[in-house]
Amino acid sequence: MLHMEQTIINVKNVRINDSFWNNRIRNAVETAIPYQWRVLNDNEPGAEPSHAAMNYKIAAGVEKGEFHGFRFQDSDLAKWIEAASFSLIYRQDPEVERELEEIIDLIGKAQQPDGYLDTYYILKKPEAKWKEIAQGHELYVTGHLLEAAVARYLVSGDDKLLKIMEKNVDLIRSLFGHGEGKIDSYPGHEEIELALMKAYFATGDRKYFELANYFIENRGTTIGFLDDESFKEFAETNKHHQADYYQAHAPIRQQDAADGHAVRAMYFFTGAADVALEKKDPSLVAALEKLWKHTVGRRMYLTGGVGSQGVGERFTIDYDLPNDVCYTETCAAIGLAMWSLRMLRLSPEAKYADVMERALYNNVISGVSQDGQHYFYVNPLAVKPDVAHYRADHASVEPSRVKWFGCACCPPNVVRTLCGLGGYVYTQEGDDVYQHLYIGNEASLSCSGGPFSLTCESEMPWEGAARITYRGAAGARLHLRVPSYAKNFTVKKNGQPVCCTVTNGYALPEGALSDGDTLEVSFEMDAHFVAANPRVTEDCGKVAVQRGPLVYCAEQVDNFEYLNSFRADLKYPIGMEQSELFGGIRVLTVTGMRSDAAAWDADELYRDYAPGSMGETPATLRMVPYFLWNNRGEGEMTVWINA
Ligand code: FUB
Ligand code: ZN
């Protein structure tokens, strides 16, 4: 059955209030947003200048100068606008309001009379507008600005940016499409599709849906941009920049795997799932189910990262998941979380929420430091800093988070995700509300009986316990996710055990909910070893450690140098210890042996093996949640350990 009568929940109606996420959201709101504003305005000493605000000022005619940065530099500011708009859910800040008004005003002034709005082409290459679709990113920039406009509108009701973007979208509608004189193509970098669908869901105006549908359905069916110079320029010299890099090698229903550039692919499938939902199109849903299964079954890291090669920032082949030269871009993991959320709207099955949660709690939030001012773009699962600094094939791996990037897609992306996290907790279909994530929150929703609220207090991800209070009109049914890692999942209603019907990993407690009811969810989460399919050669003979949604890693600072010299003894259970780290988290411990480098001469590379003469020493490996790595200086790190 297709679950298609969705209510798209307004992000401002789910306010996160959670002991784990509050700190992160506060950090985003109070530190990262002001910090990024300074960077985007070239006002942060030590950070690579962004030029993004200046490009708009020059295009608006209020400053003189030249365009600087990547062609899609505008999108960094767009993501900041989205983050700042969401941040007002958590803190009304007149300064942020002023900055938002200032930048939206500037964007309006930069817009050309026909609606065109891309500072790279306005300032640097006006003759090439719409002629470099493969690489040009004009539609990608529109997509991010449109997402920002929708965020601003949904949270504050201010439609100034939305009107600017409507004019821009109208221009695109007039230029693109089938037929004489039209550009019959699709974006080089997907993004506009999902943004158009957000605009459609927010406004109900079908023109947004129609353009999204055209881009999704057209991709891979026509020659599109595959004849353009900007496509050929890369394709002729680089086997990793063929049509599949852009997901343009086949129509979506004929694609078998997530191929090519990972962020492009994730954004494409996200937009396609939105379109499938609106069209109630079983063949598109089936294609997305197949692609999703293939992606998470063969091409996803344990941390929810995707994209295993730096060259082309892309997917490679099944089971090719190297840990130290992976790409696992923060944006790509965000894309996987977004896509999985859309799959939940198509069909509420806990497997989608498991992956969404895996990405969010691991690869996504590892993208930002505890201080909110340092970022990872690539999120490796193993790092040896001296190697990463030296080797050419590690060029994209930063062993420490940095203040900013020349290509800075990830930092504002992770911050907008944190500030918009409320959008990931529930989906709703008629009176059926599905709680996917046990993140504490206060939600104001509505069912056929009228408005109601849910207040969730949660101990996740440290303990499997959440308490939900229902207030308001009767009529809603709350389906509670049973996470794949949960043991002995139970629900109590008003303090008494209640029977549940479990469908596709969601438990529906017996009986209607009415004002004042409480539901207490509890389950056990063991720290356990995880092994990889032997087809993943990089992980053969290794195990990883996971508890609940958190993947753990070993860092040099808690252990010793040469982490790979450790071998776990799996007959010992994983230990758990209270620590003073990061405000008092519990660390996990693994028992085993290591070969102590001190027993080897530095000039002695090899030695004939004899038991007991390798420097064998009993050892315990301390492990911390992966997302926290590299918050205590640079050092070795590994997720997978020898066993
Ligand atoms: O091309 C725009 C963004 O920059 C992509 O999504 C990232 O992978 C980075 O290349
Ligand atoms: Zn990125």
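Conventions used here
Residues numbered from 1 in each chain as written. Chains lettered and ligands numbered in written order. Predicted model: local features only at pLDDT ≥ 70, side-chain atom pairs only at ≥ 80, totals over all residues. Heavy atoms only, no water. Helix = DSSP H or I, 4+ residues; strand = E, 2+ residues; numbered from the N terminus. Rg over C-alpha atoms; globule rule 2.2 N^0.38 Å. Buried < 20%, exposed > 50% of the residue type's maximum accessible area, 1.4 Å probe, protein only. Contact = heavy atoms within 4.5 Å. Areas by Shrake-Rupley, 256 points an atom, 1.4 Å probe, with all protein chains shown as cover. Lys, Arg positive; Asp, Glu negative; His and termini not counted. Charge placed at Lys NZ, Arg CZ, Asp CG, Glu CD. Near = heavy atom within 4 Å. Polar contact = N/O pair within 3.5 Å; in protein donor to acceptor, adjacent residues only side chain to side chain. Nonpolar A, V, L, I, M, F, W, Y, C, P; charged D, E, K, R; others polar. Domains from an automatic or database assignment. Buried area = accessible area lost by both parts, 1.4 Å probe. Salt bridge = Lys/Arg side-chain N within 4 Å of Asp/Glu carboxyl O. Expected span 1.5 Å × (residues − 1). Pairing = 2+ DSSP bridges. Donors = N, O, S within 2.8 Å, 3.2 Å for Na, K, Ca; no water. Tetrahedral: all angles 85-135°; square planar, octahedral: opposite > 155°, others 65-115°. Axes fitted to C-alpha atoms, helices over the stretch in contact; angles between N-to-C directions. Parallel < 35°, antiparallel > 145°, perpendicular 65-115°, else oblique. Left-handed = near helix turned anticlockwise from the far one by under 90°. 1 Å grid on protein atoms, 1.4 Å probe; cavity = no way out; pocket = protein on both sides within 12 Å on 5 of 7 lines; lining within 4 Å. Points joined across faces, edges and corners; volume = space filled by probe spheres on them.

Caption draft 1: Geometry of the overall build of the protein. Helix and strand counts for the protein stand at 17 helices and 23 strands. In terms of C-alpha radius of gyration, the protein reaches 25 Å, essentially the compact-globule figure of 26 Å for 643 residues. Projected onto its principal axes, the C-alpha positions of the protein cover 75 × 65 × 50 Å. When each of the 643 residues of the protein is scored for burial, the buried share is 60%. Taking all contacts inside the protein whose residues are at least 6 apart in sequence as the whole, residues at least 24 apart take part in 70%. Accessible area for the protein stands at about 23700 Å²; split by element, carbon and sulfur atoms hold 49% of it. Each charge sign in the protein was given a centre, from 63 positive and 89 negative side chains, and these centres are 2 Å apart.

Caption draft 2: View of the site of ligand 1. The environment of ligand 1 is formed by Phe 72, His 137, Tyr 140, His 189, His 261, Val 263, Glu 313, Glu 329, Tyr 377, Cys 407 and Cys 409. Separating an oxygen atom of ligand 1 from a side-chain N or O atom of His 137 is a distance of 2.7 Å. Take Glu 313: an N or O atom from its side chain is 2.6 Å from an oxygen atom of ligand 1. Taking 270 Å² as the accessible area of ligand 1 by itself, protein coverage stands at 96%. Residue composition of the shell around ligand 1, grouped by class: 6 nonpolar, 3 polar and 2 charged.

Caption draft 3: Spatial organisation of the domain arrangement of the protein. If you check the domain split of the protein, you get domain 1 (18-424), domain 2 (426-524) and domain 3 (528-642). In this structure, domain 2 and domain 3 have C-alpha centres spaced 38 Å apart. Between domain 2 and domain 3, a total of about 610 Å² is buried, with carbon and sulfur atoms accounting for 64% of that surface. If you sort the residues of domain 2 by the area they bury against domain 3, Pro 461, Trp 462 and Tyr 485 come out on top, with a joint share of 83%. Linking domain 2 with domain 3 are 2 salt bridges. Across the pair Arg 586 and Glu 463 runs a salt bridge whose closest N-O atoms are separated by 2.7 Å. Where domain 2 touches domain 3, the interface holds 2 residue pairs in polar contact (both at pLDDT 80 or more). By residue class, the composition of the side of domain 2 that touches domain 3 is 4 nonpolar, no polar and 1 charged.

Caption draft 4: Just helix H12 (residues 262-279), in detail. Compared with an ideal rise of 1.5 Å per residue, which puts 18 residues at 26 Å, H12 spans 25 Å between its outermost C-alpha atoms and is within 8% of the ideal. Burial within H12 is extensive, with 16 of its 18 residues counted as buried. Directly beyond the C-terminal end of H12, a positive phi value near 50 degrees is found at Lys 280.

Caption draft 5: Representation of the sheet that holds strand E2 (residues 14-16) in the model. The strand order E2-E6-E7-E8-E14-E10-E11 describes an open sheet built from 7 strands, whose pairing is antiparallel. If you trace the sheet from one side to the other, it starts and ends with E2 and strand E11 (496-497), each paired once. Relative to strand E8 (residues 464-472), strand E7 (residues 450-458) runs antiparallel, the two sharing 7 bridges. Residue pairing in the sheet places Phe 452 in a bridge with Gly 472 of E8.

Caption draft 6: Just the pattern of salt bridges, in detail. On inspection of all chains with the given rule, the structure shows 55 salt bridges. For Asp 386, the salt bridge goes to Lys 384, with nearest N and O atoms at 3.1 Å. A relative accessible area of 27% places Lys 384 in the partly exposed class. Asp 558 serves as the salt-bridge partner of Arg 632, at 2.7 Å between the closest nitrogen and oxygen. On the criterion of sequence distance, the pair formed by Arg 632 in the loop between strand E21 (616-625) and strand E22 (637-638) and Asp 558 in the loop between strand E17 (550-555) and strand E18 (566-568) is long-range, its members being 74 residues apart. Exposure remark for Arg 632: the relative accessible area of 27% places this residue in the partly exposed category. Connected via shared salt-bridge partners are Glu 166, Asp 170, Arg 173, Asp 205 and Lys 207.

Caption draft 7: View of the sheet that holds strand E12 (residues 500-503). Strand order in this open sheet of 6 strands is E1-E4-E5-E9-E13-E12, and the pairing throughout is mixed. Every interior strand has two partners, whereas the edge strands, strand E1 (6-7) and E12, have only one. Where E1 meets strand E4 (residues 426-429), 2 bridges bridge the pair, whose relative direction is antiparallel. Each bridged residue has a counterpart across the sheet, and for Gln 6 the counterpart in E4 is Glu 429.

Caption draft 8: Here's a closer look at the coordination of the zinc ion (ligand 2). Coordination of the zinc ion (ligand 2) by the protein comes from Glu 329 (OE), Cys 331 (SG), Cys 409 (SG) and Cys 410 (SG), over a distance range of 2.0 to 2.3 Å. Note that the zinc ion (ligand 2) binds 4 donor atoms; their angles at the metal cover 93 to 116 degrees, and the shape is tetrahedral. Along the chain, the residues donating to the zinc ion (ligand 2) fall in the pattern E-x1-C-x77-C-C. Here Glu 329 is found in the loop between helix H13 (282-298) and helix H14 (330-346), whereas its partner Cys 409 is found in the loop between helix H16 (385-390) and helix H17 (410-419), with 80 residues between them in sequence.

Caption draft 9: Just the packing of helix H3 (residues 73-90) against H17, in detail. The N-to-C vectors of H3 and H17 enclose an angle of 25 degrees; their axes lie 8 Å apart at closest approach. One way to sum up the angle between H3 and H17 is to call them roughly parallel. The handedness of the crossing between H3 and H17 comes out as left-handed. Residues Asp 76, Lys 79, Trp 80, Glu 82, Ala 83, Phe 86, Ser 87, Ile 89 and Tyr 90 of H3 form the contact with H17, whose own contacting residues are Pro 412, Asn 413, Val 415, Arg 416 and Cys 419. Broken down by class, the residue content of the contact of H3 with H17 amounts to 8 nonpolar, 2 polar and 4 charged.

Caption draft 10: Expanded view of the layout of surface pockets. The volume enclosed by the largest pocket comes to roughly 520 Å³. What lines the largest pocket is a set of 28 residues, and nearest its centre among them are Ile 8, Ile 9, Val 11, Lys 198 and Arg 345. Mapped by element, the contributors of at least two residues to the lining of the largest pocket are E1, H3, helix H7 (138-156), helix H9 (192-203), H14, H17 and E4. Among the residues forming the lining of the largest pocket, the class breakdown is 13 nonpolar, 8 polar and 7 charged.

Caption draft 11: View of the environment of Glu 634. Mapped onto the elements of the fold, Glu 634 is located in the loop between E21 and E22. Look past the residues within four positions of Glu 634 in its chain and what remains in contact with it is Pro 385, His 389, Pro 399 and Ser 400. A polar contact is formed between the side chain of Glu 634 and the side chain of His 389, at a distance of 2.6 Å. A polar contact of 2.5 Å, which involves the side chain of Glu 634, links it to the side chain of Ser 400.

Caption draft 12: Local environment of empty space enclosed by the protein. What the rule picks out here adds up to 6 cavities of 30 Å³ or more. Computed from the structure, the largest cavity encloses a volume of approximately 80 Å³. Lining the largest cavity are Arg 24, Asn 27, Ala 28, Ala 32, Ile 365, Val 368, Ser 369, Gln 370, Gly 372, Val 415, Leu 418 and Phe 627. The element that contributes the greatest number of residues to the lining of the largest cavity is helix H1 (residues 21-40), accounting for 4 residues. Of the residues belonging to the lining of the largest cavity, the class tally is 7 nonpolar, 4 polar and 1 charged.

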